[in-house]
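Below are the chains, spelled out letter by letter.
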Amino acid sequence: VYTSFTNAQLGRETQWVGLSNYINAFHDEMFLVSFRNQVVITVAAVVFSVFFPVLASELLFFIKHKRVANIIKTAFVIPMLVPQIVVILIWKFLYSPNFGFNTILEAMHMSGITHNWLNDPATALFCVVLIGFPFVSGMYFLIIHTGVNMIGEELYEAAIMDGASQWNVVRSIHLPNLRPYIKIVVTLSLVQSLSGFGLVAATTDGGPGYSTMIPALQMYNVAFGDGKFGYASALGVILFIVIIILTLVLRKGIKEEN
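Residues numbered from 1 in each chain as written. Predicted model: local features only at pLDDT ≥ 70, side-chain atom pairs only at ≥ 80, totals over all residues. Heavy atoms only, no water.

Once that is clear, we can look at the overall build of the protein chain. From N to C terminus, the protein chain includes 13 helices and zero strands. Reading the protein chain from its N end, one meets helices and strands in the order α-α-α-α-α-α-α-α-α-α-α-α-α. Projected onto its principal axes, the C-alpha coordinates of the protein chain cover approximately 75 × 55 × 30 Å. For the protein chain, the proportion of its 258 residues judged to be buried stands at 40%. Once local pairs closer than 6 in sequence are excluded, the contacts in the protein chain between residues at least 24 apart make up 66%. Considering the protein chain, the positive charge centre built from 14 side chains and the negative charge centre built from 14 side chains are found 6 Å apart. (Helix = DSSP H or I, 4+ residues; strand = E, 2+ residues; numbered from the N terminus. Buried < 20%, exposed > 50% of the residue type's maximum accessible area, 1.4 Å probe, protein only. Contact = heavy atoms within 4.5 Å. Lys, Arg positive; Asp, Glu negative; His and termini not counted. Charge placed at Lys NZ, Arg CZ, Asp CG, Glu CD.)

Following this line, the structure appears as structure tokens:
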């Protein structure tokens, strides 16, 4: 926080500059665009982190053959053993203009829609958002799956005896009881999305132009690329405040619902 009010920079004497770094940040086109990109990535990450693990957990709940259910559950968890950077690089290969999806499209005689996916400002951000499809994170899946198992089968069996359909069970029994677990997943995915930049750094490095730049990556580049630690600290403080506010709002929402 202190450094954010200085002009700390490699090879220069540090001086107090007050709010100059913060004023510059809100006049920095790259920073403003990066926040817009971050909103898109974060909203998608939070929605995907909840919807697909919940869907997988519910499908698993209604599989009554235990051996089949255990095999499927293991299949969802095994990807946790693969380093995230490996997954990211595989997707980067798939988006390559000479391999991956373009090769598949050409084999299907659809070469007209082949594209340089990550190097086009019109598609780069969308492609980054789609990395990881079908978005069943092993950790988030285990959290939601634990919540479903905590509900137990007694309520389910009673509801079925009363004539409820499986959809009624999910809507009226499971989802209300899963709220605390869903909120945990939302909090974790929110913080991870706002503070992490490895995915963007490994695929597009914020390009082309500013089309996929995000605040955390810009902060890193300004600090360790340009050596401007004062300005980078200001960007970090702004990002920190945003994360804290969103987390507190979410925790307050959990408290009110409980």
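Now that the structure has been shown, the text picks up again.
A separate point is the layout of surface pockets. Counted as a void, the largest pocket has a volume near 1,100 Å³. In terms of lining residues, the largest pocket is bounded by 35 residues, among which Gln84, Ile131, Gly132, Gln192 and Leu199 are the most central. For the lining of the largest pocket, the secondary-structure elements that each account for two or more residues are helix 2 (29-61), helix 4 (84-94), helix 6 (124-130), helix 7 (138-151), helix 10 (179-195) and helix 11 (198-203). It is helix 2 that provides the largest number of residues to the lining of the largest pocket, a total of six residues. Taken together, the residues of the lining of the largest pocket sort by class into 24 nonpolar, eleven polar and no charged. (1 Å grid on protein atoms, 1.4 Å probe; cavity = no way out; pocket = protein on both sides within 12 Å on 5 of 7 lines; lining within 4 Å. Points joined across faces, edges and corners; volume = space filled by probe spheres on them. Nonpolar A, V, L, I, M, F, W, Y, C, P; charged D, E, K, R; others polar.)

Turning our attention to the packing of helix 3 (residues 66-77) against helix 7. Working note: a packed helix pair is described by the angle between its axes plus the distance between those axes. Two elements in contact, helix 3 and helix 7, have axes whose closest approach is 8 Å; the angle formed by their N-to-C orientations is 140°. As summarised for this structure, helix 3 and helix 7 are arranged oblique, according to the angle between their axes. Contacts between helix 3 and helix 7 pair Lys73, Phe76 and Val77 from the former with Gly138, Phe141, Leu142 and His145 from the latter. Here the residues of the contact of helix 3 with helix 7 sort into four nonpolar, two polar and one charged. (Axes fitted to C-alpha atoms, helices over the stretch in contact; angles between N-to-C directions. Parallel < 35°, antiparallel > 145°, perpendicular 65-115°, else oblique.)

Before going further, it helps to spend a moment on the nonpolar core. Counting 25 residues, the largest nonpolar core has Val50, Ile144, Leu178, Ile182, Val185 and Val186 as its most contacted members. Those elements giving two or more residues to this core turn out to be helix 2, helix 7, helix 8 (154-161), helix 9 (166-177), helix 10 and helix 13 (229-257). Each residue touching isoleucine 144, except ones within four places of it in the same chain, is listed here: Pro53, Val54, Ser57, Leu178, Tyr181, Ile182 and Val185. Residues Trp91, Leu105, Cys127 and Ile131 belong to the second largest nonpolar core, which totals 16 residues. (Core = buried A, V, L, I, M, F, W, Y, C linked by side-chain atoms within 4.5 Å.)

Before going further, it helps to examine the side chain of threonine 203. Mapping threonine 203 onto the fold places it in helix 11. In this structure the side chain of threonine 203 is engaged in a polar contact, spanning 2.7 Å, whose partner is the backbone oxygen of leucine 199. If we skip the residues at most four places from it in the chain, threonine 203 touches Ile88, Lys92, Leu118, Val128 and Ile131. (Polar contact = N/O pair within 3.5 Å; in protein donor to acceptor, adjacent residues only side chain to side chain.)

Further remarks concern unusual backbone geometry. With an omega of -10°, the peptide bond between glycine 207 and proline 208 qualifies as cis. Its location among the elements puts proline 208 in the loop between helix 11 and helix 12 (215-224). For histidine 109, which is not a glycine, the phi torsion comes out positive at approximately 60°. Positionally, histidine 109 belongs in the loop between helix 5 (100-107) and helix 6. Taking relative accessible area as the criterion, histidine 109 reaches 75% and is therefore assigned exposed. Backbone geometry at aspartate 205 places phi at a positive 55°, although glycine is not the residue there.

In short, shape yes, function no, at least from these values alone.
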